[in-house]
Amino acid sequence: MDLDQILELVNRELVKHGLKPLNEAEITVLRGSLQGKNYDEIVQESEYSETYIKQTAGPKLFRTLSEALGKKVTKTNVQEVIKSLDIVTSQNKGGSGGVFPFLKAGESDRVFFCGDAPSTVVFVGREKELGKLKQWVVQDKAVCRLVSLLGMPGIGKSLLGSKLARDIEDDFKMVIWRSLREDLLPVQLLTDLIQTIADSLPLGIPEIQKLPENYSSEQFSHYKNQHLEYIQGLINYLREYRCLVILDDWEKIMKPGDFAGDYEPKHKPYGMLLQRLGEEEHQSCLVITSREKPREVAILEGEKLPVRTLQLKGLGEAAQEILSSKQLKGENGWDELIRIYQGNPLALKLVASPIQELFGGDVEQFICQTSASGIIMSFPQLIANHLERLTAKETKIIYWLAIKPHGIDTLQLQELEEDDAFYEAITSLGWRSLIEKNDSGKFFLQPVVREHVTKQLVKLVTDEILNYQQNKNLNLLASYNFITLDNTKTMLSNQKEVRSILSLIKERLNRQVTAEEIKIILQDNLPKRVKENLTNLLAEFNKN
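These numbers come from a predicted model, not from an experiment.

*Asks:* Summarise the overall build of the protein chain; cite the residues concerned and give the values.
*Replies:* When you go through the protein chain residue by residue, the secondary structure sums to 25 helices and 9 strands. A separation of at least 24 residues holds for 74% of the contacts in the protein chain among residues at least 6 apart in sequence.

*Asks:* Would you mind going over the environment of glycine 361 in detail, with residue names and values included?
*Replies:* By the element assignment, glycine 361 lies in the loop between helix 14 (345-359) and helix 15 (363-369). It is 7.2 Å that separates the C-alpha atoms of glycine 361 and glutamine 327, two residues lying 34 residues apart in sequence.

*Asks:* Go over the pattern of salt bridges with me, naming the residues and quoting the values.
*Replies:* Counting across every chain of the model gives 24 salt bridges. Across the pair arginine 181 and aspartate 249 runs a salt bridge whose closest N-O atoms are separated by 3.3 Å. Taken as a pair, arginine 181 in the loop between strand 3 (174-179) and helix 8 (186-200) and aspartate 249 in the loop between strand 4 (243-248) and helix 10 (268-279) lie far apart in primary sequence, 68 residues in all. The class for arginine 181 is partly exposed, based on a relative accessible area of 48%. Two residues, arginine 432 and glutamate 394, come together in a salt bridge whose shortest N-O distance is 2.9 Å. Of this pair, arginine 432 sits in the loop between helix 19 (422-431) and strand 8 (435-437) while glutamate 394 sits in helix 17 (residues 392-403), and the two are 38 residues apart along the sequence. Among the residues examined, arginine 432 registers a relative accessible area of 0% and is labelled buried.

*Asks:* Kindly report on the pairing of strand 3, identifying the contributing residues and their values.
*Replies:* When you tally the buried positions in strand 3, you get 6 out of 6 residues, the bulk of the element. Along strand 3, one buried face is formed by Met174, Ile176 and Arg178 and the opposite face, lined by Val175, Trp177 and Ser179, is buried too. Bridge count between strand 3 and strand 4: 6 bridges; the pairing is parallel. The partner of tryptophan 177 across the bridge, within strand 4, is isoleucine 246.

*Asks:* Outline the sheet that holds strand 9 (residues 442-445), listing residues and values.
*Replies:* Read from one edge of the open sheet, 3 strands run 7-9-8, paired in antiparallel fashion. Of all strands in the sheet, those bounded by a partner on one side alone are strand 7 (408-409) and strand 8. Examined bridge by bridge, strand 8 and strand 9 share 3 bridges and lie antiparallel to one another. The residue bridging lysine 437 from the neighbouring strand is phenylalanine 443, located in strand 9. Here helix 17 sits on the sheet in contact with strand 7, strand 8 and strand 9, set at roughly 90° to strand 9.

*Asks:* With reference to specific residues and values, describe the nonpolar core.
*Replies:* Ranked by internal contacts, the top residues of the largest apolar core, which has 71 residues, are Ile465 and Leu534. Excluding anything up to four places from it in sequence, leucine 534 contacts Ile465, Leu474, Leu477, Ile518, Ile521, Leu522 and Leu526. The next biggest cluster of nonpolar side chains, apart from the first, holds 37 residues, and it includes Ile176, Leu185, Leu189 and Trp250.

What counts and how
Residues numbered from 1 in each chain as written. Predicted model: local features only at pLDDT ≥ 70, side-chain atom pairs only at ≥ 80, totals over all residues. Heavy atoms only, no water. Helix = DSSP H or I, 4+ residues; strand = E, 2+ residues; numbered from the N terminus. Contact = heavy atoms within 4.5 Å. Salt bridge = Lys/Arg side-chain N within 4 Å of Asp/Glu carboxyl O. Buried < 20%, exposed > 50% of the residue type's maximum accessible area, 1.4 Å probe, protein only. Pairing = 2+ DSSP bridges. Axes fitted to C-alpha atoms, helices over the stretch in contact; angles between N-to-C directions. Core = buried A, V, L, I, M, F, W, Y, C linked by side-chain atoms within 4.5 Å.

Right, here's the structure in full:
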């Protein structure tokens, strides 16, 4: 059979089962697959973007063929499937429809493009959060147009978004899931969304001046109007048909090293997209998941407004289901383990393996012998990656909160960090989901984050002391009070925990620096705060 005959055969089967014939993009993928070409080769020979071919046209083609033919069709087996289809069709002379499972007409009226979304087969807790999202997106659909799911790494943003999409898909004509982890340029995403909607619904692709898929930051202003045209084209579609678009990993396009909420110049159209979708009337809904709150969301959000935010916390008691599924023992220690990791699902899953391997699955034994995050393998790296995005001002506040583990209120923090940008820095940390505020108005770090920041701070202070004779630099000891004496019970309780930081510094220095060497450093002309810190450090040496 030639390609025309194959298309006639395939489309006849699709129509017979209530499905739409293949569109041009799907035909392009089918032709290339039958010729043994990979996706990169198919993209090179087509007019479509790589993102659209790989994430939309290809998955849709093989999902549609699988539905119609009653067997799993993939890029690797499509040739054999088409051959067998030709044989069966010839034998049946068109057949009566009994060879392949029949799909009722109308089953394909709604389109679901969520191949990259996390599986929700195992979904723990979150009933309250899921209920609130359904209230916003479905029951308040006349108002709610944009939702941001925010939270720490591993807290379950993507899984909740995926569960939401699957639970409410019947309320939408089309559901589209896209991840931004591949650093997509705005024009790539906009083109992909427009093509996906236009190819699946009876709409034409708008006449828009094409943009290059790669351009420098300096060229952004030149292409701004074209981006607005793309955004307007997408909004027109979202007005015509009710679509749910979920964009995962939004923080990947945010600008690191600056206060939270802003974008790299090449990604600024993403902010324009959020603003337009939040402000303009349409019948669709955009959901983003992110570790950082975009500035446009912060400006437009409100509980009863078109833009809304759900800040995810830990699972709480529901996290016991994770520990149970990992067959951990020592149930009396489960609540403490959940508290240490603040109910973070990913952290608990990661720590479950070493508990099984090193402690026979006994949680109580693990808690007795390890510190909060000392044994987790991958999770600290996620935290480290998140902290690398901070500004210097944010990092200073984070260090103060590690030193003061019971929390600091706004006034105390401002006294410690007298800076014009203080409020912007503290707001930015909140947008990054790194700090929390308790009922007494004090800011604090989650235990796992505090543990990681403490280790980082201890290493930096230790390195300064070890290298002091070479560079005479003790900036950290001059910047922070590692112990604060006070007569109140709260501060005395704090003092004990703060001293533990000094003990960690002492342990790291052990066998490299002696008490006598600390005394020699103290003989130099040092700032008052440095002398106080070194004196308290010397006291740690003298305990033994």
